Amino acid sequence: MQEKMPILEMKNISKSFPGVKALSGVNLRAFSGEVMALLGENGAGKSTLMKILSGVYKRDEGIIRIEGREVEINGIKDAQNLGISIIHQELSLLPNLTIYENLFLGNEILGGFKLNKREMIKKSEELLKSFDFTVSPKTLTKELTVGEMQMVEIIKAVSKDAKIIIMDEPTTALTEVETEKLFKIIERLKNNNVAIIYISHRMDEIFKICDKITVLRDGTFIGEEDVKGITKDKLISMMVGRKLEEQFPRIDTKIGKSILKVENLSMKDKIKDVSFELFEGEILGVAGLMGSGRTEVAKLIFGEYKKSSGNVYIEGKKADINSPKDGIREGIAYLSEDRKKEGLILKLSVLENMTLSNLKKYESKVKRINRAKELEDCKAYTKKLLIKTSSPNQLIKNLSGGNQQKVIIAKWLLTSPKVFIIDEPTRGIDVGAKKEIYQILNELKAQGKGIIMISSDMEEILGVSDRILVMHEGRITGEIQRDKASQEKIMKYAVGIAD
Ligand SMILES: Nc1ncnc2c1ncn2[C@@H]1O[C@H](COP(=O)(O)OP(=O)(O)OP(=O)(O)O)[C@@H](O)[C@H]1O
Ligand SMILES: [Mg+2]
């Protein structure tokens, strides 16, 4: 059978930034009615390639063909006119505008010389409804959750009647329900013969919704394959250039004294009577569906949310925690799942972002900053977490999305807390670096720290935890020891079925 003609062909694409060759001779094809996965480690060049296709960057070399015809893409408008639409990895909505203003930004409906607000609101309402999204189009975007913002971005990109839609890590901020919605949208687009380019670090998604894969490594093209017939191991070795033995490197440590005790913690109608204990040298996994209250419990312990009743004890002593400041003082660190919203200071360097909130650690008695120590720590964590940066002084905004996340993780690791609460630690992180993060968690464990790991990744929960708590509708519905844990058991508790 003759192969279908690709709607898109990018050939021999190269792109350099000062000091970095981001892409070198890369190829990518996409086919109507199919999903092409674009895969590779953090910093491999995926977003850069997609920014070239969508007119954000200009390529240095290479050609782009659409429906067999060579095209020039010199700006965002060119790409739009060619029927290319993109959902960016970083949120690109304007927070101070309403949903409908964002949806129509650049394509406003006019009535005479004025904006036809009423028409735009009406159209937005219909659009949101057709995607089962029940929120008023007049809502200010900044009032939405990160997941809802992402849904608006998706709806915006999809509503433009594009022939080629690029999705750059669309699900990192989505709940399970939202993710399922997106997959339905993708099915619909496929049936309408749209070509989709899909970037994700989540293997299960690749096997679920993609038809073909293209792999990049260090800015070079590694290969294109059909998803049918490829194994997960082969895929991983294409991405990281070696076989990854043992994705979950576990160590056994001696479980020590109680380091954190939570007693009857409640918050209005959200969290009900949560009690548990965490011990030195332990990784306590917290599973549950999105919205089950896991993040709320973390934020209550850390002091970001106010409890309505209950007590928290640190090393046996009752702790009075009413703000994150109190939490940090008591030796608790909380790494939020919302890393997109969490303060990276874009105009500062990698080094400054890593150490800024830990300055006390580097201050001498005479208030001088120990620059050498700062640099040493920054270099150590850059190495440990495989952070791809040209130097510690590189501006954070020039790092790839996943590498920015790793900097935030490093920043929290450097606070050296007693209790480390880490919420969805490996979202948006590539397979190789995931393993490094598990190894760091193991190190913390060996040092006698206590770790609470909230995760929606079932393999991660099962592979990393010493003990697992499961939450459902604001309560703890199950506690499972590592050797008794299984996916079925966790799911049963997660949907609220008791034994
Ligand atoms: N504007 C820029 N200036 C300098 N370097 C850049 C710029 N944009 C990207 N880079 C560099 O180009 C390389 C590729 O980055 P890119 O964002 O394309 O990676 P990615 O594959 O999308 O990774 P991730 O999975 O982490 O999102 C990285 O080394 C990055 O630091
Ligand atoms: Mg990217």
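It should be emphasised that the depicted structure is a prediction, and the values quoted were computed from it without experimental measurement.

(A) Region of interest: the pattern of salt bridges. Here the structure, examined in full by the defined rule, presents 32 salt bridges. Ionic pairing is found between Glu34 and Lys212, a salt bridge with its closest N-O pair at 2.8 Å. Taken together, the residues Glu34 in the loop between β2 (20–30) and β3 (35–39) and Lys212 in strand β11 (residues 212–217) connect sequence positions 178 residues apart. Using a relative accessible area of 18% as the deciding quantity, one classes Glu34 as buried.

(B) Inspection of the site of ligand 1 at higher detail. What surrounds ligand 1 is a group of 22 residues, the closest being Gly43, Lys46, Thr48, Ser400 and Gly402. Between Gly45 and ligand 1, the recorded distance is 2.9 Å, taken from a backbone N or O atom to an oxygen atom. The side chain of Thr48 places a nitrogen or oxygen atom 2.6 Å from an oxygen atom of ligand 1. Within the complex, 91% of the 640 Å² of free accessible area of ligand 1 lies under protein. Split by domain, the residues of the shell around ligand 1 number at least three in each of domain 1 (8–240) and domain 2 (258–494).

(C) The coordination of the magnesium ion (ligand 2), seen in detail. Protein-derived ligands of the magnesium ion (ligand 2) are Ser47 (OG) and Gln89 (OE1), with the metal-ligand distances lying across 2.0 to 2.2 Å. Remark: Gln89 occurs in the loop between β6 (84–87) and α3 (99–103) and Ser47 occurs in helix α1 (residues 46–53); sequence separation between them is 42 residues. Here Ser47 matches Gln89 in class, with each residue buried.

(D) Summary view of the environment of Thr382. Looking at the secondary structure, you find Thr382 in helix α13 (residues 371–384). As a C-alpha pair, Thr382 and Asn403 span 21 residues in sequence and 9.5 Å in three-dimensional space. Setting aside residues no more than four positions away along its own chain, Thr382 makes contact with Met354, Ile387 and Thr389.

(E) Fine view of the domain arrangement of the protein chain. If you check the domain split of the protein chain, you get domain 1 (8–240) and domain 2 (258–494). With centres defined by C-alpha atoms, the gap from domain 1 to domain 2 works out at 30 Å. In this complex, domain 1 contributes 23 residues to the contact, which on the side of domain 2 involves 21 residues. Together, the buried faces of domain 1 and domain 2 total about 1,700 Å²; carbon and sulfur atoms form 51% of this surface. In terms of surface lost to domain 2, no three residues of domain 1 exceed Asn42, Thr172 and Glu176, which account for 33% of the buried area on that side.

(F) Focus on the sheet that holds strand β10 (residues 195–199). Judged by pairing direction, the sheet is mixed, and its six strands sit side by side in the order β6-β9-β10-β3-β11-β12 without closing on themselves. With one partner strand each, in any of the chains shown, β6 and β12 (220–226) form the two edges of the open sheet. Between one strand axis and the next, the sheet turns through 20° on average, direction left out of account. Along the sheet face, helix α5 (residues 146–158) touches β6 and β9 (164–168) and points at about 175° away from the line of β6.

(G) How the structure looks around the packing of aromatic side chains. Scanning the model with the defined rule gives four aromatic pairs in all. Where Phe302 meets Tyr334, the ring centres are 5.8 Å apart and the plane angle is 45°; that geometry is what we call tilted. Of this pair, Phe302 sits in helix α9 (residues 294–302) while Tyr334 sits in strand β18 (residues 332–335), placing them 32 residues apart in sequence. With relative accessibility at 4%, the residue Phe302 sits in the buried group. Look at Phe302 and Trp412: their rings are 6.3 Å apart centre to centre, the planes differ by 80°, and that puts the pair in the edge-to-face class. Taken together, the positions of Phe302 in helix α9 and Trp412 in helix α14 (residues 401–413) put the pair 110 residues apart, joining distant regions of the chain.

(H) Fine view of the UniProt feature "domain: ABC transporter" (unreviewed entry) in the protein chain. With numbering matched to this structure, UniProt assigns "domain: ABC transporter" (unreviewed entry) to residues 8–243 and 254–498. Strand forms 28% of residues 8–243 and helix 33%; the C-alpha atoms that close the span are 31 Å apart.

(I) Examining the sheet that holds strand β20 (residues 450–454) more closely. With mixed pairing, six strands are arranged side by side in an open sheet as β18-β19-β20-β15-β21-β22. The open sheet has two edge strands, β18 and β22 (475–481), and neither has a second partner. The mean angle between the axes of side-by-side strands here comes to 20°, regardless of whether they run parallel or antiparallel. By the bridge criterion, five bridges tie strand β19 (residues 419–423) to β20 in an arrangement that is parallel. Looking across to β20, one finds that Val419 is bridged to Gly450. Packing of α9 onto the sheet brings it into contact with β15 (282–288), β18, β19, β20 and β21 (467–472), and relative to β18 it is tilted by some 145°.

Scoring rules and cut-offs
Residues numbered from 1 in each chain as written. Chains lettered and ligands numbered in written order. Predicted model: local features only at pLDDT ≥ 70, side-chain atom pairs only at ≥ 80, totals over all residues. Heavy atoms only, no water. Salt bridge = Lys/Arg side-chain N within 4 Å of Asp/Glu carboxyl O. Helix = DSSP H or I, 4+ residues; strand = E, 2+ residues; numbered from the N terminus. Buried < 20%, exposed > 50% of the residue type's maximum accessible area, 1.4 Å probe, protein only. Near = heavy atom within 4 Å. Polar contact = N/O pair within 3.5 Å; in protein donor to acceptor, adjacent residues only side chain to side chain. Areas by Shrake-Rupley, 256 points an atom, 1.4 Å probe, with all protein chains shown as cover. Domains from an automatic or database assignment. Donors = N, O, S within 2.8 Å, 3.2 Å for Na, K, Ca; no water. Contact = heavy atoms within 4.5 Å. Buried area = accessible area lost by both parts, 1.4 Å probe. Pairing = 2+ DSSP bridges. Axes fitted to C-alpha atoms, helices over the stretch in contact; angles between N-to-C directions. Phe/Tyr/Trp six-rings, centres within 6.5 Å; stacked < 30°, edge-to-face > 60°. UniProt positions renumbered as here; feature names shortened; annotations may be inferred.

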